[in-house]
Amino acid sequence: MYLLTDGCVEDTEKVIDLIWQYNGSASVHTIGIGSGVSTELVIESAHAGWGSYNFVNDEAEGLSKCVIQAL
């Protein structure tokens, strides 16, 4: 599973807890987009989902590279 986010999540802990709950079903790879992204959400979601994480800038430069690496 790939989670692309700008970090605007109302309850970060709830998202991370759900990923922990179902982490045997699929890996979760996260990509945070923009300077205002929640690093906690991106990093902890990837850890909970046994996946990788990356960050890209506001113009989403490098997004293709991040997705290819995650694949």
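Above this text sits the structure in question.
Peer 1: Give me the lowdown on the packing of aromatic side chains, citing residues and values where you can.
Peer 2: Tallied over the full model, the rule gives two aromatic pairs. With a centroid separation of 6.0 Å and 70° between ring planes, the pair formed by tyrosine 53 and phenylalanine 55 is classed as edge-to-face. A residue is classified by how much of its surface remains accessible, and tyrosine 53, at 34% relative accessible area, is partly exposed. The partly exposed category is assigned to phenylalanine 55, whose relative accessible area is 35%.

Peer 1: Before we move on, could you go through the sheet that holds strand β1 (residues 2-5) and cite the residues and values that matter?
Peer 2: Ordered in space as β1-β2-β3, the three strands form an open sheet in which the pairing is parallel. Each having just a single partner strand, β1 and β3 (53-56) make up the two edges of the open sheet. Across this sheet, the average inter-strand angle for adjacent strands is 15°, counted without regard to direction. Two strands pair when backbone bridges link them, and strand β2 (residues 29-33) and β3 are joined in this way by four bridges, in the parallel orientation. In the strand pairing of β3, threonine 30 is matched with tyrosine 53. Sheet strands touched by helix α2 (residues 39-48): β1, β2 and β3. Its angle to β3, the strand with the most contacts, is close to 155°.

Peer 1: I'd like a description of the environment of glutamate 61, backed by residues and values.
Peer 2: Take glutamate 61: it is sitting in the loop between β3 and α3 (63-70). Distance from glutamate 61 to glycine 34, taken between C-alpha atoms, is 9.8 Å for residues 27 residues apart in sequence.

Peer 1: How would you explain α2 if you had to name every residue and give the values?
Peer 2: Here α2 has its buried residues at Leu41, Val42, Ser45, Ala46 and Ala48. Looking straight down α2, one finds that the buried residues subtend no more than 160° of arc, so they occupy a single side. Buried residues belonging to α2 abut β1, α1 (12-21), β2 and β3. The first or second residue beyond α2 is tryptophan 50, which carries a positive phi of 55°.

Peer 1: So what about the packing of α1 against α2? Which residues, and what values?
Peer 2: Put simply, α1 and α2 touch, their axes get as near as 8 Å, and they point 15° apart. In terms of their interaxial angle, α1 and α2 are classed as roughly parallel. The crossing of α1 and α2 is right-handed. Between α1 and α2, the residues in contact are Thr12, Glu13, Val15, Ile16, Ile19 and Trp20 and Glu40, Leu41, Glu44, Ser45, His47 and Ala48, respectively. Within the contact of α1 with α2, the residues separate by chemical class into six nonpolar, three polar and three charged.

Calculation rules
- Residues numbered from 1 in each chain as written.
- Predicted model: local features only at pLDDT ≥ 70, side-chain atom pairs only at ≥ 80, totals over all residues.
- Heavy atoms only, no water.
- Phe/Tyr/Trp six-rings, centres within 6.5 Å; stacked < 30°, edge-to-face > 60°.
- Buried < 20%, exposed > 50% of the residue type's maximum accessible area, 1.4 Å probe, protein only.
- Pairing = 2+ DSSP bridges.
- Helix = DSSP H or I, 4+ residues; strand = E, 2+ residues; numbered from the N terminus.
- Axes fitted to C-alpha atoms, helices over the stretch in contact; angles between N-to-C directions.
- Contact = heavy atoms within 4.5 Å.
- Arc of directions from axis to C-beta.
- Parallel < 35°, antiparallel > 145°, perpendicular 65-115°, else oblique.
- Left-handed = near helix turned anticlockwise from the far one by under 90°.
- Nonpolar A, V, L, I, M, F, W, Y, C, P; charged D, E, K, R; others polar.

Any functional reading would require information that these geometric values do not contain.
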